[in-house]
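# Residue-level structure breakdown
Letter by letter, the chains look like this.
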Amino acid sequence: MKIIKSIKEMQKWSDKIHKTGKTIGFVPTMGYFHKGHLSLMENAKKNCDFVIISIFVNPTQFVAGEDYEAYPRDIKKDTELAQKAGVDIIFLPSVQGMYPDKYSTYVNVQGNLTSALCGKFRPGHFKGVTTIVAKLFNIVKPDKAYFGQKDAQQCVVIKRMVKDLNFDLDVVVLPTYREKNGLALSSRNVYLSEEEKNKASILYKVLKYAKAKIKSGEQNANKIISEMKRKIIAVENNAKIDYISIVDPETLEDIKIINKNVLIALAVKIGKARLIDNITVKIPPLWKRGVGEIS
């Protein structure tokens, strides 16, 4: 496994790989790996000839008051885990390299995709995400880029950017990796005590509750959301709920009456950790639910 810190060297290696007709699978990360990260790398290894990952804690996606300086880092451990996962190259750029003096160019997906959900509470966050991901795509030049479904909004935004800017690559989204109690794996879970981790398991439980209610025929989104909030507060009355939303999976627009596929997403702060999670519910056509018949 090779570690590359230079942008130009990384570009040369990617060009060299492509000239041999080989494919590149890419996993962009901020490091501090957990099993979810490793599952992305392993999937890339199965489907691509070379696997390249990046480790870069991107300052432009942190908003004022967030944990940029405190964000967990462990390059030594990450390197060992990446090698075991079959990674070929780790791209490890510096902040100065990615954002040199007088840097002034940003990529911004506008509209509801970035103003809804987390975008409402983290203004400018997705501008930082799309900028760094676009830069990484131009440097690494992957054929496939891998992301986790836990960051559902990020995945939707990146897919839109890839389509709008004609990036020649496929965005692959893989299922959320979870603890045994259902808590979605996140590098920020390190902020949680064991008691808080146990309490945080309520987040996946209420997502599953909502899915079951919808599958049983409940169509009132507000009614489901209210009950989800009640269940969370009953377990952790100090939880700070940024949002619980039921939205269209592609546009992220709020849905009041549930009669089509939906994404149920939430962001809740428990202790020092802001936790996000989501679940997708697929709704069959009305005639398949016995509401109507094929004409």
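It should be noted that the structure appears before, not after, this text.
Residues numbered from 1 in each chain as written. Predicted model: local features only at pLDDT ≥ 70, side-chain atom pairs only at ≥ 80, totals over all residues. Heavy atoms only, no water.

### Considerations on the overall build of the protein
Scanning the protein for helices and strands turns up 11 helices and 9 strands. A compact globule built from 295 residues should have a C-alpha radius of gyration of about 19 Å, and the protein, at 20 Å, falls within 12% of that. If you line up the protein on its principal axes, its C-alpha atoms span 60 × 50 × 40 Å. By residue count, 48% of the 295 residues in the protein fall in the buried class. In the protein, once contacts between residues fewer than 6 apart in sequence are set aside, the share between residues at least 24 apart is 71%. Mean positive and mean negative side-chain charge positions of the protein (48 and 31 charges, respectively) differ by 1 Å. (Helix = DSSP H or I, 4+ residues; strand = E, 2+ residues; numbered from the N terminus. Rg over C-alpha atoms; globule rule 2.2 N^0.38 Å. Buried < 20%, exposed > 50% of the residue type's maximum accessible area, 1.4 Å probe, protein only. Contact = heavy atoms within 4.5 Å. Lys, Arg positive; Asp, Glu negative; His and termini not counted. Charge placed at Lys NZ, Arg CZ, Asp CG, Glu CD.)

### Things to note about the packing of helix H10 (residues 202-215) against helix H11 (residues 221-235)
Where H10 meets H11, the closest approach of the two axes is 10 Å, and the angle between their N-to-C directions is 155 degrees. On the basis of their axis angle, the class for H10 and H11 is roughly antiparallel. Where H10 crosses over H11, the handedness of that crossing is right-handed. In contact with Ile202, Leu203, Val206, Leu207, Tyr209, Ala210, Lys213 and Ile214 of H10, H11 contributes Ile224, Glu227, Met228, Lys231, Ile232 and Val235. Looking at the contact of H10 with H11, its residues break down into 11 nonpolar, no polar and 3 charged. (Axes fitted to C-alpha atoms, helices over the stretch in contact; angles between N-to-C directions. Parallel < 35°, antiparallel > 145°, perpendicular 65-115°, else oblique. Left-handed = near helix turned anticlockwise from the far one by under 90°. Nonpolar A, V, L, I, M, F, W, Y, C, P; charged D, E, K, R; others polar.)

### Points about the nonpolar core
Met10, Ile52, Val133, Phe137, Phe147, Ile158 and Met161 are the most contacted members of the largest nonpolar core, which totals 44 residues. If you list the elements that add at least two residues to this core, you get helix H1 (7-19), strand E2 (24-29), strand E4 (89-91), helix H7 (125-140), strand E5 (144-148), helix H8 (152-164), strand E7 (240-247) and strand E8 (262-270). For this core, the leading source of residues is H7, giving 9 residues. Excluding residues within four positions of it along the chain, Val133 makes contact with Phe147, Ile158 and Met161. (Core = buried A, V, L, I, M, F, W, Y, C linked by side-chain atoms within 4.5 Å.)

### Remarks on the sheet that holds strand E9 (residues 273-281)
Spatial strand order, E7-E8-E9: 3 strands in an open sheet with antiparallel pairing. Every other strand in the sheet has two partners, leaving E7 and E9 as the edge strands with one partner each. The average angle at which neighbouring strand axes cross in this sheet is 10 degrees, direction not considered. Contacting E8 and E9, H10 runs over the sheet at an angle of about 20 degrees to E9. (Pairing = 2+ DSSP bridges.)

### Observations concerning H1
Spanning 13 residues, H1 covers 19 Å between terminal C-alpha atoms, matching the ideal 18 Å at 1.5 Å per step. For H1, the complete set of buried residues consists of Met10, Ser14 and Ile17. Along H1, the residues classed as buried sweep out an arc of 60 degrees about the axis, all on the same side. Turned more than 90 degrees from where H1 packs its buried face, Lys8, Lys12, Lys16 and Lys19 sit exposed. Looking at the buried side of H1, the elements it contacts are strand E1 (2-4), E2, strand E3 (50-55), E4 and H7. (Expected span 1.5 Å × (residues − 1). Arc of directions from axis to C-beta.)

### Concerning unusual backbone geometry
Not every positive phi belongs to a glycine, and Lys102 is a case in point at roughly 70 degrees. Lys102 gets classed as exposed once you look at its relative accessible area, which sits at 83%. The phi dihedral of Lys141 falls on the positive side, at around 55 degrees, and the residue is not glycine. Here Lys141 shows up in the loop between H7 and E5. With a relative accessible area of 27%, Lys141 lands in the partly exposed category.

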